[in-house]
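# Architecture and fold: a report
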Amino acid sequence: MTPEEVGQRLVALLAPVEATASVSGGQAYARATVDVPPASWRDALRAARDDADLGCDFFDWLSAVDQLADGCEVVAHLWSTGRRHGLLLRTRVPWDAPRVDSVVDLYPGAAWHERETFEMFGVDFPGHGELRPLLLPPEFEGHPLRKEFVLASRVAKPWPGAKEPGESTAAGGRRAVRPPGVPAPGEWGPTSPPAAGPPAGATRGEGATRGGGATRGEGATRGDGGAA
């Protein structure tokens, strides 16, 4: 089956659910892509597994994509070991209710992926039963792969690698923008106390010039033992 045929077959199996089929990029490696509503997530994966024409018996991976104000997109990739075609399934959940039913009973291999997605994006998977920490310590707060998450390393010092788009300092570059997760200066973390001013009554040069108080020209000119 071509990617177009795979996508249309799943849409037909889910009718009357409003599912949308498309084809991913990748030319010869393109995959059928089907977008479904959250309520039909489990039905879509079950249909892809059980239908004789699709036969997607291998669970490849599951993750999510932060789409900012548009919500969080949960993505799963399935593969048919017999028919040698892939299927990319997507659904989008709002940030005020980021949850979609677990598919661990359909594909046991999804357990690890759902735990990671819960931990990194905060998407709940009702029915999983064991959404405990996987990669982060139990006391860790927040979800590091959300674009709103503050990247402490970017606050502490400049990024040592390549610049983000818009961060170039070269002449003629685009207007500088902060990458997601990087707060504006002064919005996050402790700030340094203001530097102490000179003591009351001190004038410029009193006890502050190089050479223990000598002013420019007093024993400090080249040739009379002073430092240049």
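Look up: the structure comes first, before these words.
Residues numbered from 1 in each chain as written. Predicted model: local features only at pLDDT ≥ 70, side-chain atom pairs only at ≥ 80, totals over all residues. Heavy atoms only, no water.

### Quick look at the pattern of salt bridges
As a reminder of what qualifies: Take a side-chain nitrogen of Lys or Arg and a carboxyl oxygen of Asp or Glu: if they are within 4 Å of each other, that pair is a salt bridge. Strands are runs of DSSP state E lasting at least 2 residues, helices are runs of H or I lasting at least 4, and numbering of each runs from the N terminus. The buried label applies to any residue whose accessible area, calculated with a 1.4 Å probe on protein chains only, is under 20% of its type's maximum; exposed applies above 50%, and partly exposed to all values in between.
Scanning the model with the defined rule gives 9 salt bridges in all. Across the pair Arg 46 and Asp 43 runs a salt bridge whose closest N-O atoms are separated by 3.1 Å. One end of the pair is Arg 46 and the other is Asp 43, both in helix α2 (residues 41-50) and 3 residues apart, which spans about a single turn. Judged by its relative accessible area of 29%, Arg 46 is partly exposed. Each of Arg 9, Asp 51 and Asp 53 takes part in salt bridges that share partners, so that together they form one network.

### Considering helix α1 (residues 3-14)
The criterion, for reference: One less than the number of residues in a helix, times 1.5 Å, gives the span that helix is expected to have. Picture the helix axis, draw a direction to every C-beta atom, and the arc is the one those directions span. In this description, contact between two residues means that some pair of their heavy atoms is separated by no more than 4.5 Å.
Here α1 spans 17 Å end to end across 12 residues, near enough to the 16 Å set by a 1.5 Å rise per residue. All buried positions along α1 are accounted for by Val 6, Gly 7, Leu 10, Val 11 and Leu 14. Take α1 and look down its axis: the buried residues cluster within an arc of 130°, on one side only. In this structure, the buried side of α1 is in contact with β1 (20-23), β2 (32-35), α2 and β5 (85-93).

### Observations regarding unusual backbone geometry
In this model, Ala 15 is joined to Pro 16 through a cis peptide bond whose omega is 10°. By secondary structure assignment, the location of Pro 16 is in the loop between α1 and β1. Here Gln 27, not a glycine, exhibits a phi torsion of approximately 55°, which is positive. Looking at the secondary structure, you find Gln 27 in the loop between β1 and β2.

### Digging into the nonpolar core
For the record, the criterion: The set of buried Ala, Val, Leu, Ile, Met, Phe, Trp, Tyr and Cys residues whose side-chain atoms join them within 4.5 Å is what this entry labels a nonpolar core.
Counting 34 residues, the largest nonpolar core has Leu 10, Val 34, Trp 41, Leu 45, Leu 78, Leu 87 and Leu 89 as the members making the most contacts within it. Only α1, β2, α2, β3 (58-66), β4 (72-80), β5 and α3 (110-121) provide two or more residues apiece to this core. Considering each element in turn, this core owes the most residues, 5 residues, to α2.

### Focus: the environment of Arg 84
By the element assignment, Arg 84 lies in the loop between β4 and β5. Through-space distance from the C-alpha of Arg 84 to that of Cys 56 is 9.0 Å; in sequence the pair is 28 residues apart.

### Focus: the sheet that holds β3
To summarise the sheet geometry, strands pair through backbone hydrogen bonds and adopt either a parallel or an antiparallel arrangement. Definition in use: For two strands to be treated as a pair, DSSP must find at least two bridges joining them. To define axes, lines are fitted to C-alpha atoms, for helices over the stretch in contact only, and angles between the resulting N-to-C directions are given on a 0 to 180 degree scale.
One open sheet accounts for 5 strands, arranged β1-β2-β5-β4-β3; its pairing is mixed. Strands at the two margins of the open sheet, each flanked by one partner only, are β1 and β3. The average angle at which neighbouring strand axes cross in this sheet is 20°, direction not considered. The pairing of β2 with β5 spans 4 bridges and is parallel. Along β5, the bridge assignment pairs Asp 35 with Arg 90. Sheet strands in contact with α2 are β3, β4 and β5, and its direction is about 175° off that of β5.

### Some details on the environment of Asp 105
Topologically, Asp 105 is positioned in the loop between β5 and α3. For Asp 105, a relative accessible area of 55% translates into the label exposed. Separated by 63 residues in the primary sequence, Asp 105 and Arg 42 place their C-alpha atoms 9.9 Å from one another. With residues up to four places along the chain from it excluded, the contact list for Asp 105 reads Arg 42 and Arg 49.

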